[in-house]
Amino acid sequence: MTEADRQTIGDGEDLCFINGAYRPLAEARISPLDRGFLFGDGVYEVIPVYSGRPFRLQAHLSRLRRSLDEARLPSPYSDAEWASLLTRIIDSHGGGDQSLYLQVTRGAPDLRDHAFPDGERPTVFVMSSPLRAPEARGRSVILVDDIRWRRCDIKTVSLLPNVLLRQQAIEAGADEAVLIRDGFITEGAASNLFVVEGGALVTPPKSPLLLPGITRDLVVELAEANGLECRQENISLARFRSADEVWLSSSTKEVIPVTSVDGQPVGDGRPGPVWWRMRELYDAFKADLADPGKREAISTS
Ligand SMILES: Cc1ncc(COP(=O)(O)O)c(C=O)c1O
């Protein structure tokens, strides 16, 4: 960021991007008629940043484009424009590790009406939050009915079911809700799911019933590249309950071990050996991102 930029947009504290302008987050404003606010009519992405570098940026931007297409929202920027916008937010927060949040909604027309507005410009919002490395401790989950719609592959801001399900888990003293649809596990309220069976990893295949997680894809790639068997199969409730290990994955939580399901221990109740191996592989992948000599070799797709 140049000195001129710094003067135009403040000294870099809590800057966000809102509808074409960079401002301190406390000064960002949207209309109460914004369709994101009134209808949850919008999509979003969460992108972790390590050592000032957005993690798997191309994959996140491709998923954003897909969410926009499926929601029939016009794409406000090209990938190159997104990349430079995100870089500016990252720089204004001093680089390092951060979590970027970006949201696009169907704008703020004068009238509240379910039907799409004519020619309305989308609202675009980007902010950065602190990113903390997840602790290597076992988490607890409860099993709940997946009450969501049938397009969970779209990363929409309409998250009321996910919010209710996560809160149900918290109130039961657990960390996450694991969702069941028609006797099969789909994913967590805000995470994807893996089980380990006889040393092999298993995760549900991509479908409209779950979010195609960027972290999930990386775990599958790391497993395949390092000789860990990994299958994409539907996981029944009975199979889930008898797994040797259970993991959750998400951009901000990375890969975390589940050691208790509905109050019953998973395996011996401690993070398992396959999880420790994946933790090593994941940490090595992140360390390569921080190494300027190795950056070029890392695929972002
Ligand atoms: C419902 C749901 N599934 C899965 C994930 C994990 O996706 P990613 O690894 O891209 O963060 C998330 C992330 O927030 C989520 O909300």
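A brief look at the structure comes next.

Basis of the calculations
Residues numbered from 1 in each chain as written. Predicted model: local features only at pLDDT ≥ 70, side-chain atom pairs only at ≥ 80, totals over all residues. Heavy atoms only, no water. Helix = DSSP H or I, 4+ residues; strand = E, 2+ residues; numbered from the N terminus. Buried < 20%, exposed > 50% of the residue type's maximum accessible area, 1.4 Å probe, protein only. Areas by Shrake-Rupley, 256 points an atom, 1.4 Å probe, with all protein chains shown as cover. Lys, Arg positive; Asp, Glu negative; His and termini not counted. Salt bridge = Lys/Arg side-chain N within 4 Å of Asp/Glu carboxyl O. Polar contact = N/O pair within 3.5 Å; in protein donor to acceptor, adjacent residues only side chain to side chain. Contact = heavy atoms within 4.5 Å. Axes fitted to C-alpha atoms, helices over the stretch in contact; angles between N-to-C directions. Parallel < 35°, antiparallel > 145°, perpendicular 65-115°, else oblique. Left-handed = near helix turned anticlockwise from the far one by under 90°. Nonpolar A, V, L, I, M, F, W, Y, C, P; charged D, E, K, R; others polar. Expected span 1.5 Å × (residues − 1).

As a further point, take the overall build of the chain. When helices and strands are counted, the chain shows nine helices and 15 strands. In terms of its C-alpha atoms, the chain occupies a principal-axis envelope of roughly 55 × 50 × 30 Å. Out of the 301 residues belonging to the chain, those deemed buried represent 48%. When the accessible area of the chain is evaluated, it comes to approximately 14,300 Å², of which 51% is carbon and sulfur surface.

Here glutamate 245 lies in strand 13 (residues 245-250). The buried charged residue glutamate 245 lacks any salt bridge partner; its closest oppositely charged side chain belongs to arginine 270, at an N-O distance of 11 Å. One polar contact links glutamate 245 to tryptophan 247, side chain to side chain, over a distance of 3.0 Å. Beyond its immediate stretch of four places on either side in the chain, glutamate 245 contacts Phe194, Val195, Val196, Val266, Gly272, Pro273, Val274 and Trp275.

What follows covers the packing of helix 3 (residues 57-70) against helix 4 (residues 79-92). Interaxial distance between helix 3 and helix 4 falls to 11 Å at its minimum, and their mutual angle equals 120°. Judged by the inter-axis angle, helix 3 sits oblique to helix 4. The two elements helix 3 and helix 4 meet at a crossing, and its hand is right-handed. In contact with Leu57, Gln58, Leu61, Leu64 and Arg65 of helix 3, helix 4 contributes Asp79, Trp82, Ala83 and Leu86. By residue class, the composition of the contact of helix 3 with helix 4 is six nonpolar, one polar and two charged.

Turning our attention to helix 8 (residues 273-290). Taking 1.5 Å per residue, 18 residues should reach 26 Å; helix 8 reaches 26 Å between its end C-alpha atoms and fits that length. Listed as buried for helix 8 are Val274, Trp275, Met278, Arg279, Leu281, Tyr282, Phe285, Lys286 and Leu289.

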